[in-house]
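Understanding the architecture of this molecule
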Number of protein chains: 2
Amino acid sequence: MSDTADLATALRSGDRRALARAITLVESTRDDHREEAESLLGAVLDATGRSIRVGISGPPGSGKSTLIEALGLRVVGQGHRVAVLAVDPSSVRTGGSILGDKTRMVDLGRSDAAFIRPSPTGGSLGGVARRTREAMLCCEAAGFDVVFVETVGVGQSETAVADMVDMFAVVLAPGGGDELQGIKRGIVELADALVINKADGDLAAAAHRAAADYAAALGFVRARSEAWTPTVLECSALENRGVNELWATIESFRASLTAAGEFDIRRQDQARSWMWAELTDTMVDRLRADPDVARRLAEAEQAVIADEILPPVAARAILDA
Amino acid sequence: MSDTADLATALRSGDRRALARAITLVESTRDDHREEAESLLGAVLDATGRSIRVGISGPPGSGKSTLIEALGLRVVGQGHRVAVLAVDPSSVRTGGSILGDKTRMVDLGRSDAAFIRPSPTGGSLGGVARRTREAMLCCEAAGFDVVFVETVGVGQSETAVADMVDMFAVVLAPGGGDELQGIKRGIVELADALVINKADGDLAAAAHRAAADYAAALGFVRARSEAWTPTVLECSALENRGVNELWATIESFRASLTAAGEFDIRRQDQARSWMWAELTDTMVDRLRADPDVARRLAEAEQAVIADEILPPVAARAILDA
């Protein structure tokens, strides 16, 4: 246990190797490691939370990683310490990840004020999300005051990331035809900022039109908070244009929600739902861990779908047994 | 038990008094009644599902009830049997309800082919939703082939109703200034149809503009299904204008989703999530039933919000105890 105390001390001092070790510990599925990880996190909890947490999502081809790197360099230049984490749904089950790879953010990775970590792998999105939340706490304890969490726009991973960050930004790169399909309903639901990327060269005009269209559409929809209207920006990470404005937007978001008293409330709501999600997920996992119950769950689902049994009756039968 | 068998038989024959008794039984919280209710539902389950289920939501003042009555009369005139149920969030806790009151749909209530029932009351939205779902099954077993579920647009009750119907329609009556606030994100998320009501007299022009604005906004957003684009309609229940078009839209929706193979899939997904919701709700209720655990849950929430303990650690502490 004194190892854990030492690690906690090193982490608080901002030691990057300690941070890497702490996150590796947090990601481990071994029971003894889980115990140590929770002990470590408990020891540094009072030093967490002092950051702005920004989720950045976007489809492959949106230039998201290049944008995060440019943004990270801007933020480092302003004197901050930046962590880049990732939730990659493809790393659930397969164990691989294409996000957050240090080799993809070479310039940023060279800076001592930046820390880049690939997505954790795991058996479920819930597990990956938990590890990322805990990695974020480790980064904050180590003094990183800006945390980006990158993800690809695949349904539930966007919601999982939105649940752990203060601000959620979506990056799009129109001109490829996807704007004709319209905005994903998830964007309307979650985005505090929409970044039209690759707004350069031949695509500059298309990007400008897309930005106007999206702004009009989002303008019709009631915002999540009276303190912030979702913003549409045009960026060219290649030409390093729009990146400063994006950082200014993030800072403005924090100022606005803090002034409205909503910043902390959002975090409290997130902490509370994390607890409830863990409660129900753990209860369900314990059910499933019994092969008998797992089998009965699968059979119940089939019977319910086939209208052979009423869902609440099926649920109670499983719990009573 | 032979009472239950008799009631099942009477229900299947379309007897309205049997239907009223069945729904009263389903709404009762007494344990012995719950047992009888589940026995009854099990006995008629094979006769359920043969209807189109439409959720109709809208703020107070949207003219929703008048519209439902006009729609119900149209549908009855087409030879169908119509049930009108309700999920009123204000009936959670208070025991009162302002929706689905027979005295508010006098003409429709006079028809033998229509059955109107107020919202059940209950201690939680989950309880009210379950009772409404089961009441819907009773109506279907009694041969009602069109079921409307009315609700006011209050956050989670809309989602609860959307989870139990095939099609979700939102009724708005612009001209009062609420269109300036934009479309609720819930509408973008859930609505298969948007009805601009009270499109008559002085408000006809405002309604027309609002319909165009909403259609433009919804047009930007990617639909939930490729088989159906959310439709915007103008109605004047007072002038009985647009009501036939609304019914035609509902029929068209069913045809389109059935042709795409999605109609049954939606219902299967709903049955499956009903089972899982009952599982987790029951597990949480059993936790809360123990006053000791209930107290610890409340304390854990406070500690988690205050950053004194990590949420997953708090969750596990509660479950291990």
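Below, the structure is looked at part by part. Just so we're clear, the structure is a prediction, and the values are computed from it rather than from any experiment.

1. Side note on the overall build of chain A
When its secondary structure is counted, chain A shows 14 helices and seven strands. Overall, chain A is about 65 × 55 × 40 Å in size when its C-alpha atoms are taken along their principal axes. Put simply, of all contacts in chain A between residues at least 6 apart along the chain, 76% involve residues at least 24 apart. If you sum the accessible surface of chain A, you get close to 13,600 Å²; carbon and sulfur atoms cover 50% of it. Within chain A, the 47 negative side-chain charges are centred at a point lying 2 Å from the centre of the 35 positive side-chain charges.

2. Here's the deal with the packing of helix H12 (residues 263-289) of chain A against helix H13 (residues 291-305) of chain B
Between H12(A) and H13(B), the least distance of the axes is 8 Å, while the angle of their chain directions is 135°. Of the possible angle classes, the one that applies to H12(A) and H13(B) is oblique. The chirality of how H12(A) crosses H13(B) is right-handed. Contacts from A:Gln268, A:Ala271, A:Arg272, A:Met275, A:Trp276 and A:Leu279 of H12(A) reach H13(B) at B:Leu297, B:Ala300, B:Glu301, B:Val304 and B:Ile305. Residues belonging to the contact of H12(A) with H13(B) are distributed by class as follows: eight nonpolar, one polar and two charged.

3. Examining the pattern of salt bridges
All chains considered together, the criterion is met by 42 salt bridges over all chains. Of the charged contacts, one joins B:Asp320 and A:Arg286 as a salt bridge, the two residues approaching to 3.0 Å between their closest N and O atoms. Of the two residues, B:Asp320 sits in helix H14 (residues 311-320) while A:Arg286 sits in helix H12, which places them in two different chains. Two residues, B:Glu38 and A:Arg316, come together in a salt bridge whose shortest N-O distance is 2.8 Å. Within this pair, whereas B:Glu38 is found in helix H3 (residues 31-44), its partner A:Arg316 is found in helix H14 (residues 311-320), the two belonging to separate chains. Via salt bridges that share partners, A:Arg34, A:Glu38, A:Arg130, A:Glu134, A:Glu278, A:Arg286, B:Arg316 and B:Asp320 belong to a single interconnected network.

4. With respect to the interface of chain A and chain B
Taken together, the 55 residues of chain A in the interface contact 55 residues of chain B. Both sides of the chain A and chain B interface together cover about 5,400 Å² of buried area, and 68% of this is carbon and sulfur. For the chain A face of the interface with chain B, the top three residues by lost area are A:Arg185, A:Phe220 and A:Arg222, together amounting to 16%. For the pair chain A and chain B, the number of links is four salt bridges. Between chain A and chain B we count six residue pairs in polar contact (both at pLDDT 80 or more) in total.

5. Some thoughts on the relation of the copies chain A and chain B
The transform that puts chain A on chain B rotates by 180° and translates by 0.0 Å along the axis, for an RMSD of 0.0 Å. The superposition of one copy onto the other is thereby described by a two-fold rotation axis. The position closest to the rotation axis in chain A is occupied by the C-alpha of A:Ala217, lying 2.5 Å away. A shared binding surface is used by both copies, with 100% of the interface residues of chain A retained as interface residues in chain B.

6. A few points about the pairing of strand S5 (residues 167-172) of chain A
Residues and elements named next belong to chain A. Within S5, six of the six residues are buried, leaving the element largely enclosed by the surrounding structure. Both faces of S5 are covered, namely the face carrying Met167, Ala169 and Val171 and the face carrying Phe168, Val170 and Leu172. For S5 and strand S6 (residues 193-196), the ladder comprises four bridges, and the chain directions are parallel. For Leu172, the partnering residue across the bridge sits in S6 and is Ile196.

7. Some thoughts on the packing of helix H1 (residues 2-12) of chain B against H3(B)
For any two helices packed against each other, the geometry comes down to the angle between their axes and how far apart the axes lie. Residue and element names in this part refer to chain B. Close contact between H1 and H3 brings their axes to 9 Å; oriented N to C, the two are set at 45°. Here H3 runs oblique to H1, going by the angle between their axes. Seen along the crossing, H1 lies across H3 with a hand that is right-handed. Judged by residue contacts, Thr4, Leu7, Ala8, Leu11 and Arg12 of H1 engage Glu36, Ser39, Leu40, Ala43 and Val44 from H3. Split into classes, the residues belonging to the contact of H1 with H3 amount to six nonpolar, two polar and two charged.

8. Topic: the pairing of strand S1 (residues 52-58) of chain B
Residue and element names in this part refer to chain B. Taken across its seven residues, S1 has seven buried, putting it largely inside the fold. Of the two faces of S1, the one carrying Ile52, Val54, Ile56 and Gly58 and the one carrying Arg53, Gly55 and Ser57 are both buried. The pairing of S1 with strand S4 (residues 146-152) spans seven bridges and is parallel. Pairing of Arg53 across the sheet is with Val147, part of S4.

9. A look at the sheet that holds strand S1 (residues 52-58) of chain A
Residues and elements named next belong to chain A. Here seven strands make up an open sheet; going across it, the order is S3-S2-S4-S1-S5-S6-S7 and the pairing parallel. Lying at the two open borders of the sheet, with one neighbouring strand each, are strand S3 (114-116) and strand S7 (231-234). Pairwise comparison of adjacent strand axes, ignoring direction, gives a mean angle of 20° for this sheet. Of the pairings in the sheet, the one linking strand S2 (residues 82-87) to strand S4 (residues 146-152) comprises six bridges and is parallel in character. Looking across to S4, one finds that Ala86 is bridged to Glu150. Contacts between helix H4 (residues 64-77) and the sheet are confined to S1, S2, S4, S5 and S6, with S4 contributing the most and set at about 175° to the helix.

10. Points about the side chain of A:Glu301
Within the secondary structure, A:Glu301 is located in helix H13 (residues 291-305). B:Arg272 provides the closest opposite charge to the buried, unpaired A:Glu301, separated from it by 4.5 Å. Those residues in contact with A:Glu301, other than ones at most four positions away along the chain, are B:Arg272, B:Met275 and B:Trp276.

11. Observations concerning the sheet that holds strand S5 (residues 167-172) of chain B
Residues and elements named next belong to chain B. Taken together, seven strands build an open sheet; the order of strands is S3-S2-S4-S1-S5-S6-S7 and the sheet is parallel. Each edge of the open sheet carries a strand with a single partner, namely strand S3 (114-116) and strand S7 (231-234). Recorded for the sheet is a direction-independent mean angle of 20° between the axes of neighbouring strands. Against the sheet, helix H4 (residues 64-77) touches S1, strand S2 (82-87), S4, S5 and strand S6 (193-196), its axis set at about 175° to S4.

12. Overview of the nonpolar core
Judged by nonpolar contacts, the single largest core of 112 residues is most densely connected at A:Leu19 and B:Leu19. When sequence neighbours within four positions are dropped, the list of residues in contact with B:Leu19 reads B:Leu11, B:Phe115, B:Cys138, B:Cys139, B:Ala142 and B:Phe144. Listed in part, the 34 residues of the second largest apolar core include B:Ile68, B:Leu108, B:Ile250 and B:Leu257.

13. Brief notes about the packing of aromatic side chains
Within a pair of aromatic rings, the relevant descriptors are the distance that separates the centres and the angle that separates the planes. Residues and elements named next belong to chain A. Inspection of the entire model under this criterion finds four aromatic pairs over all chains. Arranged with centres 6.0 Å apart and planes meeting at 55°, the rings of Phe115 and Phe144 form a pair that is tilted. Taken as a pair, Phe115 in strand S3 and Phe144 in the loop between helix H7 (125-141) and S4 lie far apart in primary sequence, 29 residues in all. A relative accessible area of 5% means that Phe115 is categorised as buried. Since its relative accessible area comes to 0%, Phe144 is described here as buried. Arg81 extends its terminal NZ or CZ atom over the ring of Phe144, reaching a point 4.2 Å from the ring centre.

Rules and cut-offs
- Positions within a chain are numbered from 1, following the residues in the order the chain's sequence is written.
- Whichever chain is written first is A, and whichever ligand is written first is 1; the rest continue in order.
- In keeping with the predicted nature of the model, local features appear solely for residues at pLDDT of at least 70, side-chain atom pairs appear and are counted solely at 80 or more, and the whole-chain, interface and lining totals rest on all residues.
- Side-chain descriptors were evaluated using all non-hydrogen atoms of the structure, hydrogens and water having been removed beforehand.
- The secondary structure listing takes helices from DSSP runs of H or I that are at least 4 residues long and strands from runs of E that are at least 2 residues long, numbered from the N terminus.
- The contact criterion used is simple: two residues touch if any of their non-hydrogen atoms lie within 4.5 Å.
- To measure how exposed things are, a 1.4 Å probe is used in the Shrake-Rupley method; for residues, cover is taken only from the protein chains shown.
- The convention is simple: Lys and Arg are positive, Asp and Glu are negative, and His and the chain ends are not counted.
- By convention, the point assigned to a charge is CZ for Arg, NZ for Lys, CD for Glu and CG for Asp.
- To get an axis, fit a line to the C-alpha atoms, keeping to the stretch in contact for a helix; angles then go from 0 to 180 degrees between the N-to-C directions.
- Should an angle fall under 35 degrees it is called roughly parallel, over 145 degrees roughly antiparallel, and 65 to 115 degrees roughly perpendicular, with every other angle called oblique.
- By definition, turning the near helix anticlockwise from the far helix through less than a right angle yields a left-handed crossing, and turning it clockwise yields a right-handed one.
- Residues were grouped as follows: Ala, Val, Leu, Ile, Met, Phe, Trp, Tyr, Cys and Pro as nonpolar; Asp, Glu, Lys and Arg as charged; and all remaining residues, including Gly, as polar.
- Salt bridge, as applied in this entry: a Lys or Arg side-chain nitrogen positioned within 4 Å of an Asp or Glu carboxyl oxygen.
- Put simply, buried area is the surface a 1.4 Å probe can reach on two separate parts but cannot reach once they are joined, added for both.
- Between N or O atoms, a polar contact is any pair within 3.5 Å; within protein, one atom must be a potential hydrogen donor and the other a potential acceptor, and residues adjacent in sequence are included only when both atoms are from side chains.
- We superpose the copies by least squares over the C-alpha atoms of residues that have a pLDDT of at least 70 in both of them.
- We call a residue buried when its accessible area falls under 20% of the maximum for its residue type, exposed when it is over 50%, and partly exposed in between, using a 1.4 Å probe and counting protein chains only.
- Between any two strands, at least two bridges found by DSSP are needed for them to pair.
- By convention a nonpolar core is built from buried Ala, Val, Leu, Ile, Met, Phe, Trp, Tyr and Cys residues, the set being connected through side-chain atoms within 4.5 Å.
- Whether two aromatic rings pair depends on their centres lying within 6.5 Å, for rings of Phe, Tyr and Trp, where Trp uses its six-membered ring; planes under 30 degrees apart make the pair stacked, over 60 edge-to-face, and the rest tilted.
- For a Lys NZ or an Arg CZ to count as sitting over a ring, it must be within 6 Å of the ring centre and within 35 degrees of the ring normal.

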